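Chain by chain, the residues run as shown.
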Amino acid sequence: MIFAGVSCAILVTMVLAIARAIKGPTVYDRLLAVNMFGTKTALLLAVIAFLFGRADFLDLALAYALINLVGVLAVLEFFQNRIDANGDASGD
Amino acid sequence: MIEWLLIVVDIVSWILLIIGSICVLIGGIGVLRMPDFYSRIHAASLTDTMATLALFSGMILQAGFSLAAAKLFAIMLFLLLTGPTATYALANSALLSGHKPKAAVLEKKVE
Amino acid sequence: MQPRRSQCLPSPQRGAATPANLFIFLVVLVLAWLLWSGIYKPVVLGLGVFSCLLTLFLARRMVFFAQSSELLSMIRRLPGYWLLLVKDIIVSSWNVTKIVLAPKLVIQPTMVDTDGAKLGEMGQTILGNSITLSPGTVTLDIDDGRLLVHCLLKKDAMALKQDDIVDRIKALES
């Protein structure tokens with residue numbers, strides 16, 4: 001079934017995003033990877049809704065998209081303040 | 001006639017889903033391959049926009065006229081409207097905190 | 001850093017919320033709630049009414065309605081703009097795909113200054129988001145109508161200098 005293939009592709013990309021998040025080197029690279037991981041989670045949930053034929057997974061997909069946006073913005077705000085206070089440019 | 005139409009819709013949606021998964025994979029590879037932070041954003045934005053567009057259009061075609069299609073469209077719209085906001089916040093705070101991009105600056109066009 | 005950030009916020013006194021705008025927003029909220037809920041018991045409906053009104057109040061407090069009449073006036077022309085944007089996204093995705101999959105990574109990171117001063121606040125937001133949305137170009141900073149854009153290829157930077165997209169959004173705004 002095609003949806004199984006699509007979800008495999010998304011899972012592989014999520015693993016690649018985690019690899020980038022571990023590798024680093026700056027805090028922004030990690031945040032970029034985390035943001036990508038979050039949007040891929042929303043996509044994966046929507047695909048799983050079709051894979052298992054359960055329409056209620058679509059609501060979860062929307063909830064994850066919302067949480068991801070708010071979460072990334074909140075973490076960014078935290079790091080922005082910390083870097084402003086320290087005057088630390090590398091952010092690592 | 002109707003059966004043919006259904007088959008055509010199926011094929012188009014399969015093509016869209018395959019394009020979407022290829023874009024997702026390429027974005028993942030690009031995020032690992034690109035040399036610095038600002039060029040990695042471009043690879044990530046490939047998965048954020050093109051993959052989202054293709055996958056959700058494919059799924060909407062599979063869903064047909066139903067509540068699921070409306071929800072899928074709403075999720076797609078939400079992801080496409082908020083994705084750039086998150087990316088901009090990320091890039092802007094990287095720039096403001098002194099993470100300078102290694103890039104040539106294009107001169108203004110003389111008019 | 002602080003004054004720069006506060007410049008992005010709309011001034012609270014400008015653009016009052018008209019009853020018509022409030023009503024349209026409420027209708028959209030109620031429709032979205034009814035679409036998602038699927039359970040129509042009195043308790044749940046009451047919670048829905050409460051959350052819609054709360055959202056309306058919070059949106060008003062966030063000065064959401066400062067831009068709403070501008071948005072309403074351009075909403076008819078928006079689908080046409082989206083179609084053109086999707087075409088752009090497909091073309092630039094293909095370019096980025098070729099770069100990523102090439103055996104030898106050839107990129108020409110270029111920064112370019114785009115002038116969006118002739119657009120309103122809404123137009124500048126749409127311009128910045130459209131640039132970020134198409135792969136290969138990312139808006140790094142918006143300051144006083146000037147957009148700092150990071151491009152993966154020099155070709156994209158040259159295309160941005162042609163002001164094509166700014167004119168398109170100007171047509172959307174008017």
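**Student:** Can you lay out the overall build of chain A for me, pointing to particular residues and giving the numbers?
**Tutor:** Helix and strand content of chain A: 3 helices and 0 strands. N-terminal to C-terminal, the α/β element order of chain A is α-α-α. Looking at chain A residue by residue over its 92 residues, the buried ones come to 50%. Contacts in chain A between residues far apart in sequence, at least 24 positions, make up 57% of those at least 6 positions apart. Surface summary for chain A: the accessible area is close to 4,200 Å², and the carbon and sulfur share equals 73%.

**Student:** Break down the overall build of chain C for me, citing the residues and quoting the values.
**Tutor:** Along its length, chain C carries 8 helices and 3 strands. Counted from the first residue to the last, chain C has its helices and strands arranged as α-α-α-α-α-β-α-β-β-α-α. Over its C-alpha atoms chain C spans a radius of gyration of 20 Å, topping by over 25% the 16 Å that the globule rule assigns to 174 residues. Counting only C-alpha atoms and orienting by the principal axes, one finds that chain C spans roughly 65 × 40 × 35 Å. Relative to its 174 residues, chain C shows a buried fraction of 38%. Here the contacts in chain C between residues at least 6 apart in sequence split such that 70% fall between residues at least 24 apart.

**Student:** Describe the packing of helix H1 (residues 2-33) of chain B against helix H2 (residues 37-63) of chain B, listing the residues and the values that go with them.
**Tutor:** Residues and elements named next belong to chain B. Interaxial distance between H1 and H2 falls to 8 Å at its minimum, and their mutual angle equals 160 degrees. Relative to H2, the element H1 is oriented roughly antiparallel. H1 and H2 meet at a crossing whose hand is left-handed.

**Student:** Which residues make up the nonpolar core, and what are the values?
**Tutor:** Grouped together as the largest cluster of nonpolar side chains are 84 residues, with contacts concentrated most on A:Ile10, B:Phe37, B:Leu55, B:Phe56, B:Met59 and C:Leu127. Of all the elements, helix H2 (residues 27-51) of chain A adds the most residues to this core, at 13 residues. The contacts of B:Met59, once residues within four sequence positions are left out, are A:Phe3, A:Ala46, A:Val47, A:Phe50, B:Leu17 and B:Leu72. In this structure, C:Leu22, C:Cys52, C:Leu56 and C:Ala59 belong to the second largest nonpolar core, which totals 7 residues.

**Student:** Go over H1(B), please, and point to the residues and values.
**Tutor:** Taking 1.5 Å of rise per residue, the 32 residues of H1(B) would be expected to cover 46 Å, and the 46 Å separating its terminal C-alpha atoms lies within 8% of that figure. Listed in full, the buried residues belonging to H1(B) are B:Ser13, B:Leu17, B:Gly20, B:Ser21, B:Cys23, B:Val24, B:Ile26, B:Gly27, B:Gly28, B:Gly30 and B:Val31. The elements touched by buried residues of H1(B) are helix H1 (2-23) and H2 of chain A, H2 of chain B together with helix H5 (78-101) of chain C.

**Student:** Tell me about the pairing of strand E2 (residues 137-143) of chain C, and please be specific about residues and values.
**Tutor:** Residues and elements named next belong to chain C. With 5 of 7 residues buried, E2 lies mostly within the body of the structure. Here E2 runs beside strand E3 (residues 146-151); their pairing, made up of 6 bridges, is antiparallel. From the neighbouring strand, Thr 139 faces E3, where its bridge partner is Val 149. Adjacent in sequence and paired antiparallel, E2 and E3 are bridged by 2 residues, among which Asp 144 carries a positive phi angle near 60 degrees.

**Student:** If you had to explain the domain arrangement of chain C to someone new, which residues and values would you point to?
**Tutor:** Considered domain by domain, chain C is made up of domain 1 (2-73) and domain 2 (77-173). Placing the centre of domain 1 of chain C and that of domain 2 of chain C at their C-alpha centroids yields a distance of 29 Å.

**Student:** So what's going on with the interface of chain C and chain B? Residues and values would help.
**Tutor:** Chain C puts 45 residues into the contact, and the matching count from chain B is 39 residues. Here chain C and chain B share an interface that buries about 3,600 Å² over both sides, 74% of which is from carbon and sulfur atoms. Taken together, chain C and chain B are joined by 0 salt bridges. Applying the counting rule to chain C against chain B returns 6 residue pairs in polar contact (both at pLDDT 80 or more).

**Student:** Give me the lowdown on the packing of aromatic side chains, citing residues and values where you can.
**Tutor:** A ring pair, where both rings are aromatic, is described by two values, the distance of the centres and the angle of the planes. Summed over the entire model, instances satisfying the criterion amount to 3 aromatic pairs over all chains. Ring centres of A:Phe3 and A:Phe50 lie 5.2 Å apart, and the angle between their planes is 25 degrees; this geometry places the pair in the stacked category. Here the residue A:Phe3 occupies a position in helix H1, and A:Phe50 occupies one in helix H2, the gap between them amounting to 47 residues. By relative accessible area, which is 2% here, A:Phe3 ends up buried. A ring pair is formed by B:Phe37 and B:Tyr38, whose centres lie 5.1 Å apart and whose planes are at 70 degrees; its orientation type is edge-to-face. When sorted by exposure, B:Phe37 lands in the same class as B:Tyr38, which is buried. What links up through ring pairs into an aromatic cluster is the set A:Tyr28, B:Phe37 and B:Tyr38.

So, how was this worked out
Residues numbered from 1 in each chain as written. Chains lettered and ligands numbered in written order. Predicted model: local features only at pLDDT ≥ 70, side-chain atom pairs only at ≥ 80, totals over all residues. Heavy atoms only, no water. Helix = DSSP H or I, 4+ residues; strand = E, 2+ residues; numbered from the N terminus. Buried < 20%, exposed > 50% of the residue type's maximum accessible area, 1.4 Å probe, protein only. Contact = heavy atoms within 4.5 Å. Areas by Shrake-Rupley, 256 points an atom, 1.4 Å probe, with all protein chains shown as cover. Rg over C-alpha atoms; globule rule 2.2 N^0.38 Å. Axes fitted to C-alpha atoms, helices over the stretch in contact; angles between N-to-C directions. Parallel < 35°, antiparallel > 145°, perpendicular 65-115°, else oblique. Left-handed = near helix turned anticlockwise from the far one by under 90°. Core = buried A, V, L, I, M, F, W, Y, C linked by side-chain atoms within 4.5 Å. Expected span 1.5 Å × (residues − 1). Pairing = 2+ DSSP bridges. Domains from an automatic or database assignment. Buried area = accessible area lost by both parts, 1.4 Å probe. Salt bridge = Lys/Arg side-chain N within 4 Å of Asp/Glu carboxyl O. Polar contact = N/O pair within 3.5 Å; in protein donor to acceptor, adjacent residues only side chain to side chain. Phe/Tyr/Trp six-rings, centres within 6.5 Å; stacked < 30°, edge-to-face > 60°.

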